[in-house]
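Each chain is listed here by its residues.
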Amino acid sequence: MEKKEQLYEGKAKKVFATEDPELLIVAYKDDATAFNGLKKGTISGKGIINNQMSNRLMSMLESKGIPTHYVQELSQRETLVKKVQIVPLEVIVRNISAGSFSKRYGVQEGIVFQQPTIEFSYKNDELGDPLLNTRHALALELATQEEIATIEDYSFRINEALKSFWLSCGVTLVDFKLEFGRLQDGTIVLADEISPDTCRLRDSKTGEKLDKDRFRRDLGGVEEAYGEIMRRLEANI
Ligand code: TMP
C-alpha cells in the first residue's frame, strides 16, 4: 500500500492517506511529550517499540473479539490502519492508584482497587483534556449512549485481557488510556495505540517503572525501560 499525502502530525505519530479512502498509514516518531506538551524530548527507538507493541497487543485483542483499527504492519515504524472518526474521549482504566488519580483525590500511589475504575476526559488539547462524566459527553454530543456503553464494555474487557497478558510477562498493569473511533458504517473500534506511552507498567516483583513515567518524572533509564518491556512482550506473545 503506497503512502500518499500527510494528513496530520500529532505529538507522537504522523498520519498519511493511501489510495484506499478507508485505509490510512500511521508512522510512529521518537518524539515524546508530557503534561499536555509542556515537557518535550526524544526517546530513541520509541517509535519502533510503540508501533510493534501496539500491533501485537491489538492482534491479541482482536483474537478475543475486540474490534480494532489494526490492519497490517508495513515496516518498523509504519502500520496500515482502518480510517476512523475518532470519538473525542480519552478513556482511562485504572487497577491501581497513580498519577492524576492520586493527585486529584489525595491518595498515595499503589492502592490496589477492589474493582477496576474508568474515567473519561474530553480530548481537547486547548482545554487540557478536562475530565468529564458520561452525561457531559452526551450533552456535548461527543458520543451516543449506545456508543458509550460499547466503549465501557470494550474497555473493561481490554483491561482483563491486557492485565492477564502482562501478568504472564511478570508485569503489573497499573492503568492505561484508550481511544476509540467509528468506521464509516458507525462500528466502534479500538484506535490510537497501546504502548508504554499510554500504559503504566511495573515489574511485578521489584515495582520498577517500565513506561513513560520514567520520562515524565525524569527518572532516567527511559530507553532501557522501553527496551525491557518490549523484550518481555516478545518473549510471551
Ligand atoms: P494520569 O494518571 O496522568 O491521568 O494517566 C493515566 C494513564 O493514561 C497513564 O497510563 C498514562 C495515560 N495517559 C496517556 O496516554 N495520555 C495522556 O495524555 C495522559 C494524561 C495519560
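Calculation criteria
- Residues numbered from 1 in each chain as written.
- Predicted model: local features only at pLDDT ≥ 70, side-chain atom pairs only at ≥ 80, totals over all residues.
- Heavy atoms only, no water.
- Helix = DSSP H or I, 4+ residues; strand = E, 2+ residues; numbered from the N terminus.
- Rg over C-alpha atoms; globule rule 2.2 N^0.38 Å.
- Buried < 20%, exposed > 50% of the residue type's maximum accessible area, 1.4 Å probe, protein only.
- Contact = heavy atoms within 4.5 Å.
- Areas by Shrake-Rupley, 256 points an atom, 1.4 Å probe, with all protein chains shown as cover.
- Lys, Arg positive; Asp, Glu negative; His and termini not counted.
- Charge placed at Lys NZ, Arg CZ, Asp CG, Glu CD.
- Near = heavy atom within 4 Å.
- Polar contact = N/O pair within 3.5 Å; in protein donor to acceptor, adjacent residues only side chain to side chain.
- Nonpolar A, V, L, I, M, F, W, Y, C, P; charged D, E, K, R; others polar.
- Pairing = 2+ DSSP bridges.
- Axes fitted to C-alpha atoms, helices over the stretch in contact; angles between N-to-C directions.
- Parallel < 35°, antiparallel > 145°, perpendicular 65-115°, else oblique.
- Salt bridge = Lys/Arg side-chain N within 4 Å of Asp/Glu carboxyl O.

Engineer: Honestly, the overall build of the protein chain in this entry has me stumped. Any pointers?
Structural biologist: Of regular secondary structure, the protein chain possesses six helices and 14 strands. Relative to its length of 237 residues, the protein chain is compact, with a C-alpha radius of gyration of 17 Å against a globular reference of 18 Å. Principal-axis analysis of the C-alpha atoms gives the protein chain an extent of 50 × 40 × 35 Å. The buried share of the protein chain, taken over its 237 residues, is 52%. Residue pairs at least 24 apart in sequence account for 55% of intrachain contacts in the protein chain once pairs closer than 6 positions are excluded. For the protein chain, the accessible area works out to roughly 11,600 Å², and carbon and sulfur atoms hold 49% of it. Positive and negative side-chain charges in the protein chain, numbering 33 and 38 respectively, have mean positions lying 4 Å apart.

Engineer: Would you mind going over the site of the ligand with me for this structure?
Structural biologist: Not every one of the 14 residues close to the ligand is listed here, only the nearest: Arg94, Ser100, Asp175, Lys177 and Arg200. Contacts to the ligand include aspartate 175, whose side-chain N or O atom sits 2.6 Å from an oxygen atom. Within the side chain of arginine 200, a nitrogen or oxygen atom sits 2.9 Å from an oxygen atom of the ligand. The fraction of the free accessible surface of the ligand (450 Å²) that becomes covered by protein chains is 76%. Elements with a minimum of two residues in the shell around the ligand: β9 (89–96), α2 (99–105), β12 (171–182) and β14 (199–203). Split into classes, the residues belonging to the shell around the ligand amount to four nonpolar, three polar and seven charged.

Engineer: Quick question: what am I supposed to make of the sheet that holds strand β2 (residues 13–17) here?
Structural biologist: Sheet strands associate in pairs through backbone hydrogen bonding, adopting either a parallel or an antiparallel arrangement. One open sheet accounts for five strands, arranged β1-β2-β3-β7-β6; its pairing is antiparallel. Of all strands in the sheet, those with a lone pairing partner are β1 (6–9) and β6 (70–73), marking the two edges. Along the sheet, successive strands turn relative to each other by an average axial angle of 25 degrees, direction set aside. Across three bridges, β6 lies against strand β7 (residues 78–82) in antiparallel orientation. Paired with glutamate 73 across the strands is threonine 79, a residue of β7.

Engineer: Is there a simple way to explain the packing of helix α4 (residues 145–168) against helix α6 (residues 222–236) in this structure?
Structural biologist: Axis angle and axis distance: for two packed helices, these are the angle between their axes and the distance between the axes, and together they describe the pair. α6 packs onto α4 with a crossing angle of 95 degrees between their chain directions and a minimal axis gap of 9 Å. As judged from the angle between their axes, α4 and α6 are roughly perpendicular. Where α4 approaches α6, its residues Phe165, Trp166 and Ser168 are matched on the opposing element by Ile229, Leu233 and Asn236. Considering only residue class, the contact of α4 with α6 consists of four nonpolar, two polar and no charged.

Engineer: In this structure, what is going on with the pairing of β7? I would like to understand it.
Structural biologist: When a strand is regular, its side chains alternate between the sheet's two faces. Of all the five residues making up β7, four are buried; the element is thus mostly covered by neighbouring parts of the structure. Looking at chain direction, strand β3 (residues 23–28) and β7 are connected through five bridges and run antiparallel. Residue isoleucine 25 lies in a different strand from β7, and its bridge partner there is leucine 80. Counting the residues between successive antiparallel strands, the hairpin from β6 to β7 contains four residues.

Engineer: Looking at this model, I keep getting lost on the pattern of salt bridges. Mind explaining?
Structural biologist: Pairs can form between side chains of opposite charge once their charged atoms are near each other. Taken as a whole and assessed by the stated rule, the structure comprises 29 salt bridges. Two residues, lysine 13 and aspartate 192, come together in a salt bridge whose shortest N-O distance is 2.9 Å. Remark: aspartate 192 occurs in the loop between β13 (188–191) and β14 and lysine 13 occurs in strand β2; sequence separation between them is 179 residues. Pair check on accessibility: lysine 13 and aspartate 192 agree, each one buried. Ionic pairing is found between arginine 104 and glutamate 119, a salt bridge with its closest N-O pair at 4.0 Å. One end of the pair, arginine 104, is in helix α2; the other, glutamate 119, is in strand β10 (residues 112–122), and 15 residues separate them in sequence. Owing to a relative accessible area of 38%, arginine 104 belongs among the partly exposed residues under this scheme.

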